[in-house]
Amino acid sequence: MTGTTDPFSASIIPFEVPEQMRAFAEKGAAQARESYAKFKDAAETHNGTVEAVFTSASKGASEYTAKLVEFMKANSNAQLDFAQQLFSLKSPTEAMQLWTGHARTQLETFQSQAKELVELTQRVAAATAEPIKASAAKLYTPAA
């Protein structure tokens, strides 16, 4: 249908948007675009932060696992050496001395290994939290 019988024809329904309405709509659209741009930037920043956190945590977990394997290997070798020395002894007093010395050495070793693991854990935790701190510092400026 064309011509004068078309209900949507401009000649039948003369309608113009008032200038105030048009300005209001344009202002709303501009604000929506600006808000979307800010949201998009924040989302991209947070995605980068999350990626950095997971990368750091993954690297830290790998270091921790490598350290545990290193300790396991050292402790296993120490136990095997102890067993080999134990079989070569000739008297119970020598065995007792060897066992006492080995127990003391192993206790010191376990303490130093635990200390190393704590230090590694603290370092990894600090490195993992660093991207979060940096991101928060960008978003939230401290009040003066």
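Everything discussed here concerns the structure shown above.
The notes below deal with the structure included here. Treat the numbers as computed from the prediction; the structure is a model and nothing was measured. (Residues numbered from 1 in each chain as written. Predicted model: local features only at pLDDT ≥ 70, side-chain atom pairs only at ≥ 80, totals over all residues. Heavy atoms only, no water.)

What follows covers the overall build of the chain. Scanning the chain from N- to C-terminus turns up two helices and zero strands. Here the chain holds 144 residues, and the buried ones make up 12% of them. Considering only residue pairs separated by 6 or more positions, the chain has 69% of its internal contacts joining residues 24 or more positions apart. (Helix = DSSP H or I, 4+ residues; strand = E, 2+ residues; numbered from the N terminus. Buried < 20%, exposed > 50% of the residue type's maximum accessible area, 1.4 Å probe, protein only. Contact = heavy atoms within 4.5 Å.)

This next bit is on the packing of helix H1 (residues 19-87) against helix H2 (residues 92-139). The N-to-C vectors of H1 and H2 enclose an angle of 175 degrees; their axes lie 10 Å apart at closest approach. With respect to each other, H1 and H2 are oriented roughly antiparallel. Tallied by class, residues from the contact of H1 with H2 come to 20 nonpolar, 15 polar and four charged. (Axes fitted to C-alpha atoms, helices over the stretch in contact; angles between N-to-C directions. Parallel < 35°, antiparallel > 145°, perpendicular 65-115°, else oblique. Nonpolar A, V, L, I, M, F, W, Y, C, P; charged D, E, K, R; others polar.)

Moving on, we get to H2. The end-to-end C-alpha separation of H2 is 70 Å, in line with the 70 Å expected for 48 residues at 1.5 Å each. A bend of about 30 degrees at Glu 130 is the largest found in H2, and the proline Pro 131 appears one to four places after it. Considered for burial, the residues of H2 that qualify are His 102, Gln 106, Gln 113, Leu 117, Leu 120, Val 124, Thr 128, Pro 131 and Ser 135. (Expected span 1.5 Å × (residues − 1). Bend = angle between axes of the 7 residues up to and from the residue.)

With that out of the way, let us pick up the pattern of salt bridges. One pass over the structure, following the stated rule, counts four salt bridges. Among the ionic pairs, Glu 34 bridges to Lys 38, the shortest N-O distance being 3.5 Å. With a gap of four residues between them, Glu 34 and Lys 38 both fall in helix H1, about one helical turn apart. Ionic pairing is found between Arg 123 and Glu 63, a salt bridge with its closest N-O pair at 3.3 Å. (Salt bridge = Lys/Arg side-chain N within 4 Å of Asp/Glu carboxyl O.)

For H1, built from 69 residues, the straight-helix expectation of 102 Å at 1.5 Å per residue is met to within 8% by its first-to-last C-alpha distance of 101 Å. When we look at burial in H1, the residues that qualify are Thr 49, Val 53, Ser 56, Gly 60, Phe 71, Asn 75 and Phe 82.

A few words now on the side chain of His 102. By the element assignment, His 102 lies in helix H2. Given a relative accessible area of 15%, His 102 falls into the buried group.

In short, the description is geometric, and any link to function would need to be established separately.
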